Amino acid sequence: MGQFHTSAHSVKHATQDGVQLEDGADPLFTFGVIADIQYADLDDGFNFHGTRKRYYRSSLRLLCNANRRWAAERVRPSFVLQLGDVIDGSNRRHGASQRALRAVMDEFGNYAPAVHHVWGNHEFYNFSRSELLSSALNSGAGGDRAGDGVHAYHFSPAPGFRFVVLDAYDLSVIGRERRSDKYELAFKLIKAHNPNRNLNEPPGYRHWIGRFVQFNGGFSQEQLDWLHGVLLGADEKKEKVVVVSHIPVHPLSTDGICLAWNYDKVLSILNSHKSVVCFMAGHDHDGGYYLDTSGIHHLTLEGVIETPPDSDAFGTVYVYEDKMVLKGNGRISDRLLMY
Ligand SMILES: Nc1ccn([C@@H]2O[C@H](COP(=O)(O)OP(=O)(O)OC[C@H](O)CO)[C@@H](O)[C@H]2O)c(=O)n1
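To start, this report covers the structure provided alongside it. (Residues numbered from 1 in each chain as written. Predicted model: local features only at pLDDT ≥ 70, side-chain atom pairs only at ≥ 80, totals over all residues.)

**A few points about the overall build of the chain**
Of the regular secondary structure elements, the chain holds eight helices and 17 strands. Relative to the compact-globule value of 20 Å for 339 residues, the chain shows a C-alpha radius of gyration of 19 Å, a close match. Taken along its principal axes, the extent of the C-alpha atoms in the chain is 60 × 45 × 40 Å. Burial statistics for the chain: of 339 residues in total, 49% are counted as buried. Partitioning the intrachain contacts of the chain with sequence separation of at least 6 by distance along the chain shows that 64% fall at a separation of at least 24. (Helix = DSSP H or I, 4+ residues; strand = E, 2+ residues; numbered from the N terminus. Rg over C-alpha atoms; globule rule 2.2 N^0.38 Å. Buried ≥ 20, exposed ≤ 12 C-beta atoms within 10 Å, placed from the backbone. Contact = placed C-beta atoms within 7 Å.)

**Things to note about the site of the ligand**
In the vicinity of the ligand, 13 residues are found, and the nearest of them are Phe48, Asn200, Glu201, Phe215 and His285. Looking at the shell around the ligand residue by residue, the class counts come to three nonpolar, seven polar and three charged. (Near = placed C-beta within 6 Å. Nonpolar A, V, L, I, M, F, W, Y, C, P; charged D, E, K, R; others polar.)

**Some remarks on the sheet that holds strand 17 (residues 335-338)**
Strand order in this open sheet of six strands is 8-7-4-15-16-17, and the pairing throughout is mixed. The open sheet has two edge strands, strand 8 (114-117) and strand 17, and neither has a second partner. Between one strand axis and the next, the sheet turns through 20° on average, direction left out of account. Across four bridges, strand 16 (residues 323-330) lies against strand 17 in antiparallel orientation. (Pairing = 2+ DSSP bridges. Axes fitted to C-alpha atoms, helices over the stretch in contact; angles between N-to-C directions.)

**Considering helix 8 (residues 263-271)**
Of all the residues in helix 8, the buried ones are Tyr263, Val266 and Leu270. Summarising the axial view, the buried residues of helix 8 lie within an arc of 65°, below the 170-degree limit, and thus occupy one face. Buried positions along helix 8 lie against strand 11 (240-244) and strand 12 (276-281). (Arc of directions from axis to C-beta.)

**Thoughts on the environment of Lys53**
Its place among the elements puts Lys53 in strand 6 (residues 53-54). As for Lys53 and Ala71, which are separated by 18 residues in sequence, their C-alpha atoms are 29 Å apart. Discounting residues that sit within four places of it in the chain, Lys53 has contacts with Asp44, Phe46 and Glu306.

**Details of the pairing of strand 11**
Counting buried positions over the five residues of strand 11 gives five, a clear majority of the element. A two-sided burial pattern is seen for strand 11, the buried positions comprising Lys240, Val242 and Val244 on one face and Val241 and Val243 on the other. Direction of pairing for strand 10 (residues 161-165) relative to strand 11: parallel, over a ladder of five bridges. Bridge pairing in strand 11 places Phe161 opposite Lys240. Pairing between strand 11 and strand 12: four bridges, direction parallel. Along strand 12, the bridge assignment pairs Val241 with Val276.

**Structural notes on unusual backbone geometry**
With phi around 50°, Asp36 is a residue other than glycine that occupies positive phi space. Along the chain, Asp36 turns up in the loop between strand 4 (29-34) and strand 5 (45-46). At His207, a position not held by glycine, the phi torsion is positive, near 50°.

**As for the nonpolar core**
Counting 91 residues, the largest nonpolar core has Ile34, Leu83, Val104, Val244 and Met280 as its most contacted members. Discounting residues that sit within four places of it in the chain, Ile34 has contacts with Leu63, Ala66, Val80, Gln82, Leu83, Val304 and Phe314. (Core = buried A, V, L, I, M, F, W, Y, C linked by C-beta atoms within 7 Å.)

**Points about the pairing of strand 4**
The side chains of a regular strand alternate, residue by residue, between the two faces of the sheet. Most of strand 4 is tucked away, with five of its six residues classed as buried. Bridge count for strand 4 against strand 15 (residues 313-319) is five bridges, and the pairing is antiparallel. Each residue of the ladder has a partner; that of Thr30, found in strand 15, is Tyr318. In this sheet, strand 7 (residues 79-82) lies alongside strand 4 in parallel orientation, the contact comprising four bridges. For Ile34, the partnering residue across the bridge sits in strand 7 and is Gln82.

**Things to note about helix 6 (residues 181-193)**
Over its 13 residues, helix 6 runs 19 Å from end to end, which matches the ideal 18 Å to within 8%, given 1.5 Å per residue. Buried residues of helix 6: Lys182, Ala186 and Ile190, and no others. Buried residues of helix 6 fall within an arc of 55° about the axis and therefore sit on the same side. Facing away from the buried side of helix 6 by over 90 degrees, the exposed positions are Asp181, Lys188 and Ala192. (Expected span 1.5 Å × (residues − 1).)

**Notes on the sheet that holds strand 13 (residues 288-291)**
Sheet strands pair via backbone hydrogen bonds, and the direction of the pair is either parallel or antiparallel. What the six strands build is an open sheet, ordered 9-10-11-12-14-13; its pairing is mixed. Of all strands in the sheet, those with a lone pairing partner are strand 9 (153-158) and strand 13, marking the two edges. Mean inter-strand twist for the sheet, computed between neighbouring axes without regard to direction, equals 15°. Along the sheet, helix 7 (residues 221-236) makes contact with strand 9, strand 10, strand 11 and strand 12, crossing strand 10 at roughly 175°.

**Here we look at the environment of Leu227**
Looking at the element boundaries, Leu227 is found in helix 7. Not counting the four nearest positions on each side in its chain, Leu227 is found in contact with Val164, Leu166 and Ile269.

Quick look at the structure:
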């Protein structure tokens, strides 16, 4: 982990690869990133296979650490990207979904600026899509969206920069009403690849076939067409674009079990637009990173839920004309993202 210091006019940074960076200028703007908080007012537990500890109650304290740090930044974040799974699915069983969501939103409200909420699988374990649309998690309300009820929208926090939030459960069996066309399509797709009775059980692990599980999802053609259109506009304006989704889309930025169903379609769109500089996701609690052949940084953020209480899992990103500098905390590494 690198050292990082801010003073009146300098940012000094040693990235994971030992790259030294010293900048005389202030960043154009900064933003916070955090993933897979999965808060529940429950004792510690484990993942499905019993191999990884999950710190349900502590996750709220780790969010509090992040908020405090963001509030103390000299150039305070313009916004925070919450990369999905903000509360754990187990809340539903305890009738605690609303209470848990309120606890997390109150915590965000203490210090953080605007928060852009990405929707993950645990959102759909707790709420229906229509409930989410009328909840505090609908951060895209009023903006240009990919379609009715699709939580995909874009915003520009500063001239020359655009962020696109994608809905990775648009095409999914947990994010869609049964009997809807998208549910039918998603069900056919997953059944074509996964013969298991429990569709959360991967069909295998070779060639990323394991991604066809129910806790993953994908992007409808409608959303892909919309994304292409947004990126065309960004190309024309010579903007730099960061695309975010709960589920990663590059096979080398994540364990294959956490990859989006139709990741290849998203990748071919991203790679055909020179405006795209970075793709950020959560979902894989171990995190990941890959710089693809088009120069797009694929960053998968380590999840708060599997982070021990004496550590941390959040980042602050300092944005410059030619680079973003991620200052990670705890399990999250510092990274220099040149573009
Ligand atoms: N083999 C499995 C695995 C999982 N399940 C059930 O599926 C639901 C989602 O699993 P969960 O691990 O909670 O999903 P996360 O989004 O937190 O994490 C994704 C990756 O695992 C992180 O690396 C849950 O109900 C599991 O019980 C299953 O039935 N069979």
